[in-house]
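Chain and residue survey
Residues per chain are reported as follows:
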Amino acid sequence: MGYDFQSIEKKWQHTWESEGTFNADADPARKKFYCLEMFPYPSGALHMGHLRNYSIGDMMTRFLWKRGFNVLHPIGFDAFGLPAENAAMKYKTPANKWTWENIEHMTEQLKHMGCSYDWRRRVETCNPDYYKWTQWIFLQFFKKGLAYRKNAPVNWCESCNTVLANEQVINDGHCWRCNTPVVKRNLEQWFLKITDYAQELLDDLDNLPGWPDRVKTMQRNWIGRSEGARLTFTEKSTGEIIETFTTRFDTIYGVTFLALAPEHPFVEKMCALSPKGDEIRAFVQKCVTQSAIERTAVGGEKEGFFTGFSAVNPVTGESVPILIANYILMDYGTGAIMGVPAHDQRDFEFARKYDIPVKVVIQPHDESLDGVTMEHAFEDDGITCNSGAFDGLPTAEAIPAMIEWGVEQGFCSREVNFRLRDWLISRQRYWGAPIPVVYCDCCGIVPVPEDELPVLLPAEVKIVEGGKSPLTEDKEWLSVPCPKCGKPGRREADTMDTFICSSWYFFRYCSAREDSAVFNVDEANYWMAVDQYIGGIEHACLHLIYARFFTKFFADLGLCNAREPFTNLLTQGMVIKDGAKMSKSLGNVVDPDEIINTYGADTARLFILFAAPPANDLDWSERGVEGANRFLNRVWRLVEENIALLSSVRERPSLPMERLSEQRMRDLKRKIHTTIRDVTRDIADEKQFNTAVARLMELLNALSSFRPETDDESALFREGVDVLLACLNPFCPHITEELWSLGGHKETLSKLPWPEVEPSALEMDSVTVVVQFNGKVREKEDFPAGLSKEELQERVFALPSVQKRLEGVEVVRVIVVPDKLVNVVVKG
RNA sequence: GCCGGGGUGGCGGAAUGGUAGACGCAGCGGACUCAAAAUCCGCCGUGGGCGACCACGUGGGGGUUCGAGUCCCCCCCCCGGCACCA
């Protein structure tokens, strides 16, 4: 029978809650630490991913309290979102009720894990007290001109019945939430101008040494900066200006066509002017109906159409044909490109298909290209040719020289383009924060005055089958007088992307009950930035970019000093079972409740932290869980079986190393203190929690076999048990608290300082020295620690086994590393 | 294609350029037991040898070094991101 974790865990959870053990208040006199895990969506119950995330965060929090920090460790719920609406339809329960029930249930689950949250700070993004401020933030964006409406081809998920931001289209054109293929629709929508911050979002990644390279690289790719020039062409018959963007300005002499996106504004004009207008329209129609995936797939069939119009190359004066091409994207650069088939593979394929000339303007170093016969484009650097005064320049010099010349001549300008697009934040859904604007026939778009916030969601809505937003059907809710002129107006029926709600919650935690402002600036400045953020890597280009954007915006509003929200980021791996991510559809889920009910929260936490380093995927193993449980039972027995002995030396100090002479006592003393040293380093510096646990298992093994006989030995044994419990406490808080109090201690272990290393206890009495011959281990021998190089070599050479090996060989060289090894290099 | 992260026993995983495989899981042998469970003790990379030992071994190939899982170069494979972005 194992120990009675059920009653122990309940007991200590009550104690921590009733005593407010982990409540934290801003205190400028104390050094702070803000430890945060990504808050959960209240889907109904915690899953293993949550259990892992919160086990890591809780362990770190408890460790940091012990290390003397004032630790803010809050939790809340990312409570708006589509699943609530789907559940409403499925179970005929209002989204509101479903969500709040889930929040209460999951709160209980988090408490059963023994998590050390400051529960006074819990936030729920669907709470009007919270989304009032989400709306307020929107209004600040609006005031600054960073929230705007535009008509654009946008991503539409036919399953979620709403638009999506670019970041939310993943896996080659699929919805991030439901994996349905995304289609394009032309709609007028609200956007946030995240592109204004593109350069800073990119640059500041260099100031985040505490972030994994993987995540920074993903964000750099996503932001996608490219430097080049904007070049102006003139259409011959109309004089229309057509602008193109290029990163290879050095290839302008090789331009043999111009290609426009089907959506390019000049296309409409050409249709009107040209006798081929109907044909052009037909071609454009064909392109537009292609799916996003077809249009953007690498190696997809390039389709073009000669418009009959032509443009003049401003550099050469040559006339080149204008085509419309399906592979040109309207929302990147200018929506038009200069075609250089000799030096761009896409242009090359296109040119060969439509018999457009290929003009070589860069020669490689090792061969000579011929535009007529070449089989693919030459895209590498080389030597410029056929380019007038620039002939002979290597690419790296040609680009800046030619741009400079183009700028002087007035037909080009330097330009930087980003792949990052503005953030589409409208959602055609009910369960989200309403966008606080009113449409008025007289005044246009009118923001709701700040003192009228929040714009409340109607509590009861009719669920509309077919996925249409219920808000569009609620005539009473929609109709509202214009805040400006008072005439009848109409509310915005779209709600905000829930990623808006989660872009600022970590600020709200700093002063969660503040009702006069979005957050208290002083408290935010005390707590922010988050010192340690923990969550899944799937948010690399979603939440983690949005949150950085919001923080920079807040800083610009003067609301906070921090320009980056998260100083250190830990992205934990997935929980795997039978070789695949745990998921309902695969049927390989393990329910956290079941594990906690069977083995206890301490066992669950310990297994999760021991089974793999946090960034790795974690292979779930029932056997491994049993192993963790076995360890805790051994710890329990160690204390229980020695309880009288431990009490008898409660007040007897453990002797310092200098006073210990017996070898087994010296060894145990050293083990106790190297354990403190190593566990501290593993948690604080390496964030290798699995090895920290391994060290504690070793300490238990040492204590189990010690068997004290004298009072001094008992006192040493007690010291070892105390250290084991104190170091294990952040991992397994309940059992360690219980054993701590069973051992006669009065204080709450959770708030006691982390044990201190006694430096003298770390000193080694003897060391095992490895004797190598030509780099191969041949002998091992114990010597007193601290021998000089000379003495160690002398004593090694005196060993009979070494003497034997030295017979008949010539010693060429000897390398001696004190306390470590002697390598004898021999010949013959 | 570009960028990032990886590749170590049967498995999860350890190793400031200095004993490869800590710790755990599984397995094997033993003790206790009428028996089982639980617990405790021992063994546990591969090949060879009765043995002391010897050879091989961290994806592959080179290199630096007295010494390389670790550093450098080339290559292979797996995972992730971006990709018709001009």
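Residues numbered from 1 in each chain as written. Chains lettered and ligands numbered in written order. Predicted model: local features only at pLDDT ≥ 70, side-chain atom pairs only at ≥ 80, totals over all residues. Heavy atoms only, no water.

1. A few points about the overall build of chain A
Test applied: Secondary structure counts use DSSP, requiring at least four H or I residues in a row for a helix and at least two E residues in a row for a strand, with both numbered from the N terminus. With a 1.4 Å probe rolled over the protein chains alone, any residue whose accessible area is under 20% of its type maximum counts as buried; one over 50% counts as exposed, and the rest are partly exposed. For this analysis, residues touch if any pair of their heavy atoms sits within 4.5 Å.
Within chain A, the secondary structure is distributed over 27 helices and 34 strands. If you line up chain A on its principal axes, its C-alpha atoms span 110 × 85 × 50 Å. Counting every position in chain A, which comprises 828 residues, the buried fraction comes to 56%. Of all intrachain contacts in chain A linking residues separated by at least 6 positions in sequence, the fraction that spans at least 24 positions is 72%.

2. Remarks on unusual backbone geometry
Geometrically, the link from L453 to P454 is a cis peptide bond, its omega value of 0 degrees lying close to zero. Here P454 is to be found in the loop between β22 (444-447) and α13 (475-478). Phi angles above zero are rare outside glycine, and D355 is one such case at about 55 degrees. Mapped onto the elements, D355 comes out in the loop between α11 (345-353) and β16 (362-363). On the basis of relative accessibility, which here comes to 72%, the residue D355 falls in the exposed class.

3. Some points on the protein's contact with RNA strand B
The condition that has to hold: Proximity criterion: a residue is near a molecule or strand once any of its heavy atoms comes within 4 Å of it. Within 3.5 Å is the distance limit for a polar contact, defined as a pair of N or O atoms, with the added protein rule that one can donate a hydrogen and the other accept it, and that residues adjacent in sequence qualify only through two side-chain atoms. Each residue gets one of three labels, nonpolar for Ala, Val, Leu, Ile, Met, Phe, Trp, Tyr, Cys and Pro, charged for Asp, Glu, Lys and Arg, and polar for the others, Gly among them.
Lining the immediate environment of RNA strand B, one finds 58 residues, of which K302, Y332, R346, R419 and A611 sit closest. At the protein interface, 67% of the atoms of RNA strand B within 4 Å belong to sugar or phosphate. One of the side-chain nitrogen or oxygen atoms of N690 is found 3.1 Å away from a sugar or linking oxygen of RNA strand B. Within the contact set of RNA strand B, a base oxygen lies 2.5 Å away from a side-chain nitrogen or oxygen of N823. Per-element tally for the surface near RNA strand B: the top contributor is helix α23 (residues 689-704), with seven residues. The residue makeup of the surface near RNA strand B, split by class, is 21 nonpolar, 16 polar and 21 charged.

4. As for the side chain of Q363
Along the chain, Q363 turns up in strand β16. For Q363, a relative accessible area of 18% translates into the label buried. Within polar-contact distance, the side chain of Q363 engages the backbone nitrogen of L369 at 2.7 Å. Apart from residues lying up to four places away in sequence, Q363 is in contact with S368, L369, F378, G382, I383 and C385.

5. Notes on the side chain of N313
When you line up the elements, N313 lands in the loop between β13 (304-312) and β14 (319-325). A polar side-chain atom of N313 sits 3.1 Å from the main-chain carbonyl oxygen of I252. Setting aside residues no more than four positions away along its own chain, N313 makes contact with F233, I252, V255 and E318.

6. Observations concerning the state of the cysteines
For clarity, the threshold we go by: Here, the term disulfide refers to a pair of cysteine sulfur atoms separated by no more than 2.5 Å.
Counted under the stated rule, the structure contains zero disulfides. Counting only cysteine sulfurs, C287 is the nearest neighbor of C271, a cysteine outside any disulfide, at a range of 12 Å. Given a relative accessible area of 4%, C271 falls into the buried group.

7. Observations regarding the pairing of β13
As a reminder, the rule being used: Should DSSP find at least two bridges between two strands, the strands are taken to pair.
Bridge count between strand β10 (residues 225-235) and β13: two bridges; the pairing is antiparallel. Note on β13: the bridge partner recorded for T234 is V312. Pairing analysis gives six bridges linking β13 to β14, with the strands arranged antiparallel. In the sheet register, S310 faces β14, and the bridge partner there is P321. Count of turn residues in the β13/β14 antiparallel hairpin: six residues, of which G317 carries a positive phi of about 75 degrees.

8. Some details on the sheet that holds strand β6 (residues 162-164)
Taken in spatial order, the four strands make up an open sheet running β6-β5-β9-β19, and their pairing is antiparallel. At either end of the open sheet lies a strand with only one pairing partner, and these are β6 and β19 (423-424). Where strand β5 (residues 147-157) lies against strand β9 (residues 182-192), eleven bridges are found, and the strand directions are antiparallel. Within β9, the position partnered with A152 by the bridge is L187.

9. A closer look at the sheet that holds strand β26 (residues 530-536)
Counted only if it meets this: Orientation is described by lines fitted to C-alpha atoms, with helices fitted over the stretch in contact, and by angles between N-to-C directions that extend from 0 to 180 degrees.
The sheet built from four strands is open, its strands ordered β2-β1-β26-β27 with parallel pairing. Strands at the two margins of the open sheet, each flanked by one partner only, are β2 (70-72) and β27 (566-572). Across the sheet, the mean angle separating the axes of adjacent strands is 20 degrees when strand polarity is ignored. Against the sheet, helix α2 (residues 48-66) makes contact with β1 (32-37), β2, β26 and β27, and its axis sits at roughly 170 degrees relative to β1, the strand it touches most. Strand contacts of helix α17 (residues 543-557): β26 and β27, with the helix running at about 170 degrees to β27, the strand carrying the most contacts.

10. Things to note about the pairing of β10
For β10 and strand β18 (residues 412-418), the ladder comprises seven bridges, and the chain directions are antiparallel. Across the sheet, residue R230 finds its bridge partner in β18, namely S413. The pairing of β10 with strand β11 (residues 241-246) spans six bridges and is classified as antiparallel. What sits directly across from L231, in β11, is T244. Hairpin connection of β10 to β11: five residues between the antiparallel strands, including G239 at a positive phi of 75 degrees.

11. Looking at the confidence of the model for chain A
Inclusion rule: A score between 0 and 100, pLDDT records how confident the predictor is in each residue.
For chain A, per-residue confidence averages 93 on the pLDDT scale, and residues scoring 70 or more make up 98% of the total. Predicted complex, confidence summary: ipTM 0.95, pTM 0.94.

12. Regarding the pattern of salt bridges
Just so we agree on the cut-off: Counted as salt bridges are all cases of a side-chain nitrogen of Lys or Arg within 4 Å of a carboxyl oxygen of Asp or Glu.
Scanning the entire structure with this criterion turns up 55 salt bridges. Of the charged contacts in the structure, one is a salt bridge between R652 and D712, with a shortest N-O distance of 2.8 Å. Of the two residues, R652 is situated in the loop between α21 (643-648) and α22 (663-686) and D712 in helix α24 (residues 711-728); the sequence distance between them amounts to 60 residues. According to the relative accessible area criterion, D712 is partly exposed, its value standing at 27%. Here E719 and K669 are joined by a salt bridge, their closest N and O atoms 3.0 Å apart. In this pair, E719 is assigned in helix α24 and K669 in helix α22, connecting sequence segments 50 residues apart.

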